[in-house]
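Coordinates in review
Each chain is listed here by its residues.
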Amino acid sequence: MEETIGFFEIIWSIFWLFLMVAWFWVMIGVVTDVFRSRDLNGFAKAAWVAFVMLIPWLGVLAYLLLRGDKMEAHRAETVTNIENAQRDYIRSIAQVSAADELEKLGALKDKGVISEEEFNAQKAKVLAQ
């Protein structure tokens, strides 16, 4: 006799799958934060990782209660560092030299697109940078 899987059994399996994924997400977040923490020395990091791995529920709960506020600070610091690095990289790539700008302005003046006064004003801006 064939056994069929009922609708509620499927929903129940999806629910447990969701809980399992959420649990792994929390575990990865806690272990990542342990390694990201600059205020913990190597022994403390090893102790937290061992605690979280050997007694997972208690370890994660203790970490969230004792150091949960620092998790957000570590994440915000990491995001800020990444944004600053990205901004510095974009500036270094997009930077145009003053000579290039003056050359473009000279070409626009020669074509009659800008007047002598506009050329001098823009030249002063470029040289001021």
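Residues numbered from 1 in each chain as written. Predicted model: local features only at pLDDT ≥ 70, side-chain atom pairs only at ≥ 80, totals over all residues. Heavy atoms only, no water.

Axis separation between helix 2 (residues 42–54) and helix 3 (residues 56–94) bottoms out at 5 Å; the angle between their running directions is 135°. Here helix 2 lies oblique to helix 3, going by the angle between them. Packed against helix 2, whose contacting residues are Trp48, Phe51, Val52, Met53 and Leu54, the element helix 3 presents Pro56, Leu58, Gly59, Val60, Ala62, Tyr63, Leu66 and Arg67 at the interface. Of the residues that constitute the contact of helix 2 with helix 3, the class distribution is 11 nonpolar, 1 polar and 1 charged. (Axes fitted to C-alpha atoms, helices over the stretch in contact; angles between N-to-C directions. Helix = DSSP H or I, 4+ residues; strand = E, 2+ residues; numbered from the N terminus. Parallel < 35°, antiparallel > 145°, perpendicular 65-115°, else oblique. Contact = heavy atoms within 4.5 Å. Nonpolar A, V, L, I, M, F, W, Y, C, P; charged D, E, K, R; others polar.)

A few words on the nonpolar core. Core analysis: the largest hydrophobic core is formed by 13 residues, its most contacted members being Met27, Val30, Val34, Trp48, Val52, Val60 and Tyr63. Taken together, the elements giving at least two residues each to this core come down to helix 1 (7–36), helix 2 and helix 3. Beyond its immediate sequence surroundings of up to four residues, Val34 is in contact with Leu40, Lys45, Trp48, Val49 and Tyr63. (Core = buried A, V, L, I, M, F, W, Y, C linked by side-chain atoms within 4.5 Å. Buried < 20%, exposed > 50% of the residue type's maximum accessible area, 1.4 Å probe, protein only.)

A word on a nonpolar patch on the surface. Where nonpolar side chains cluster on the molecular surface, the patch consists of Ile5, Phe7, Phe8, Ile10, Ile11 and Ile14 and spans about 690 Å² of accessible area. Mapped onto the elements of the fold, Ile10 is located in helix 1. Relative accessible area serves as the criterion here: at 42%, Ile10 is assigned to the partly exposed category. (Patch = residues over 30% accessible without salt bridge, like charges linked within 9 Å, V, L, I, M, F, W, Y side chains within 5 Å. Areas by Shrake-Rupley, 256 points an atom, 1.4 Å probe, with all protein chains shown as cover. Salt bridge = Lys/Arg side-chain N within 4 Å of Asp/Glu carboxyl O.)

In this structure the tally under the stated criterion is 7 aromatic pairs. With centroids separated by 4.9 Å and ring planes inclined at 85°, the aromatic side chains of Trp48 and Tyr63 adopt a geometry described as edge-to-face. With Trp48 in helix 2 and Tyr63 in helix 3, this residue pair connects regions lying 15 residues apart in the sequence. The class for Trp48 is buried, based on a relative accessible area of 15%. Residue classification places Tyr63 among the buried positions, given a relative accessible area of 0%. A connected cluster of aromatic rings, assembled from ring pairs, spans Trp12, Phe15 and Trp16. The cationic tip of Lys109 hangs over the ring face of Phe119; the distance from NZ or CZ to the ring centre is 4.6 Å. (Phe/Tyr/Trp six-rings, centres within 6.5 Å; stacked < 30°, edge-to-face > 60°. Lys NZ or Arg CZ within 6 Å of the ring centre and 35° of its normal.)

So far we have only geometry, and geometry alone does not tell us how the molecule works.
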